[in-house]
Amino acid sequence: MAAAQLGYRCHIYAPDEKSVAADVAAEFTCAEDDDIKALKKFAGACDVITFEFENVPVNPLSAIADVAPLHPPITALDVAQNRIAEKTFARTHGGTTAPFAEATDLSSLETAIDQVGTPAILKTIRMGYDGKGQARIKQAGDLATYWNAVGPQPCVAEGFVTFTHEFSVILVRGQDGFIRYWDTPHNIHEDGILVQSLVPAPAAIAAQEETARALAAKMAAAMDYVGVLTCEFFATADGPVFNEMAPRVHNSGHWTIEGAITSQFENHIRAICGLPLGDTGLAAEKVEMTNLIGGDADQWQALLSDPANHLHLYGKGESRPGRKMGHVTKLFF
């Protein structure tokens, strides 16, 4: 929709016959992510290619990387899809992460827990988001139960981090390397799912913003990144602790549609198309974005009864527990 506003026609490629994006796009190719023939045909019809989901398979994209410009780079997907590579990458560029150790079987999980301690979180190394593919280990006993709960498959065991707030750095990097940042949102999660993003952030986050932004910028430069990049952090007594990155527009930045001069979506399009980046400043004194999860979206009429609410429903159809169905944003002046 942001691309259409700038005069571009969008061609969507997705394996799902019922594609929400295709509903508002000019063209649609429905094919599997690893269908190289279909991918090449699709790429040949495009001037610029981007993605909005970090679990798109990397290897098939290599087949079209020289057909049309692909932003963000495949490197970013490769790093973000492997939790160990992701944390190692952050540490390499000066970031702090939770203690972590790889677990490929039950025996190595026992060793990993000895290293990181308990409580800990066991996460699949690949795939999984919004709390999926995770198990919280409260104590070292009965590790087989936790191991079986997530697969079993290669995992990473992460030690707990004592933090006061969660926040994200949302930046956009142009083809010339120029970076703009949006205001840093304070993110509130429940059961691993983002519930609210609030700006401006409290002082405890603001004090760590510069350090977190510097790390995100170093990581973006190292990947020769183009587009919107989001890095999630914990605010701790010892400074920001890197959690994970998303090489795409991000849920914690959805508030920018109404809450910023230029949204993350428009600036992503500007970046990948080589256009000047737009102003990322706030459009109000305060912005609150609340996700509509599961049955929350059924309250659309009540939400619209408040004329200050900006309602976004994603057209996903079936509402399920834990599924993000939309969001509502409110501006305060």
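These notes cover the structure that comes with them. (Residues numbered from 1 in each chain as written. Predicted model: local features only at pLDDT ≥ 70, side-chain atom pairs only at ≥ 80, totals over all residues. Heavy atoms only, no water.)

**Here's the deal with helix α6 (residues 106-116)**
Part 1 of the argument: Three or more residues of α6 are buried, namely Ser108, Leu109, Ala112, Ile113 and Val116. End-on view of α6: buried residues confined to an arc of 145°, all on one side of the axis.
Part 2 of the argument: For α6, the secondary structure elements touched by its buried residues are β3 (100-103), β4 (120-124), β5 (134-137), α7 (143-149) and β6 (155-159).
Part 3 of the argument: Regarding α6, its N-cap is Asp105, as a side-chain oxygen of that residue lies 3.3 Å from the backbone nitrogen of Ser107 further along.
Part 4 of the argument: The positive-phi residue at the C-terminal boundary of α6 is Gly117, with phi of around 80°. (Buried < 20%, exposed > 50% of the residue type's maximum accessible area, 1.4 Å probe, protein only. Helix = DSSP H or I, 4+ residues; strand = E, 2+ residues; numbered from the N terminus. Arc of directions from axis to C-beta. Contact = heavy atoms within 4.5 Å. Polar contact = N/O pair within 3.5 Å; in protein donor to acceptor, adjacent residues only side chain to side chain.)

**A closer look at the pairing of strand β11 (residues 227-236)**
Part 1 of the argument: Of all 10 residues in β11, 10 are buried, a share of seventy percent or more.
Part 2 of the argument: Note: strand β7 (residues 165-173) against β11, nine bridges, orientation antiparallel. The partner of Val172 across the bridge, within β11, is Val228.
Part 3 of the argument: Taken together, the seven bridges between β11 and strand β12 (residues 239-246) define a ladder with antiparallel strand orientation. Pairing of Thr236 across the sheet is with Gly239, part of β12. (Pairing = 2+ DSSP bridges.)

**Re the sheet that holds β6**
Part 1 of the argument: Pairing in this open sheet of four strands is antiparallel, and the strands run β3-β6-β4-β5 from one edge to the other. The two strands at the open ends of the sheet, each matched to only one other strand, are β3 and β5. Taken over all neighbouring pairs, the strand axes of this sheet differ in orientation by 25° on average, direction set aside.
Part 2 of the argument: Relative to β5, β4 runs antiparallel, the two being bridged by four bridges. Each residue of the ladder has a partner; that of Leu122, found in β5, is Ala135. (Axes fitted to C-alpha atoms, helices over the stretch in contact; angles between N-to-C directions.)

**A closer look at the side chain of Ser252**
Part 1 of the argument: By the secondary structure assignment, Ser252 is in the loop between β12 and α10 (256-259).
Part 2 of the argument: Polar side-chain contacts of Ser252 include one of 2.8 Å to the side chain of Ser168.
Part 3 of the argument: For Ser252, the residues in contact, after removing those within four places along its chain, are Ser168, Ile170, Pro185, Asn187, Leu194, Ser197 and Thr230.

**Quick notes on empty space enclosed by the protein**
Part 1 of the argument: Counted according to the given criterion, the structure contains one cavity of 30 Å³ or more.
Part 2 of the argument: Residue assignment for the lining of the largest cavity shows that the elements contributing at least two residues are β7, β9 (186-190) and β11.
Part 3 of the argument: By residue number, the principal contributor to the lining of the largest cavity is β11, which donates three residues.
Part 4 of the argument: Of the residues in the lining of the largest cavity, the class split is three nonpolar, three polar and two charged. (1 Å grid on protein atoms, 1.4 Å probe; cavity = no way out; pocket = protein on both sides within 12 Å on 5 of 7 lines; lining within 4 Å. Points joined across faces, edges and corners; volume = space filled by probe spheres on them. Nonpolar A, V, L, I, M, F, W, Y, C, P; charged D, E, K, R; others polar.)

In short, shape yes, function no, at least from these values alone.
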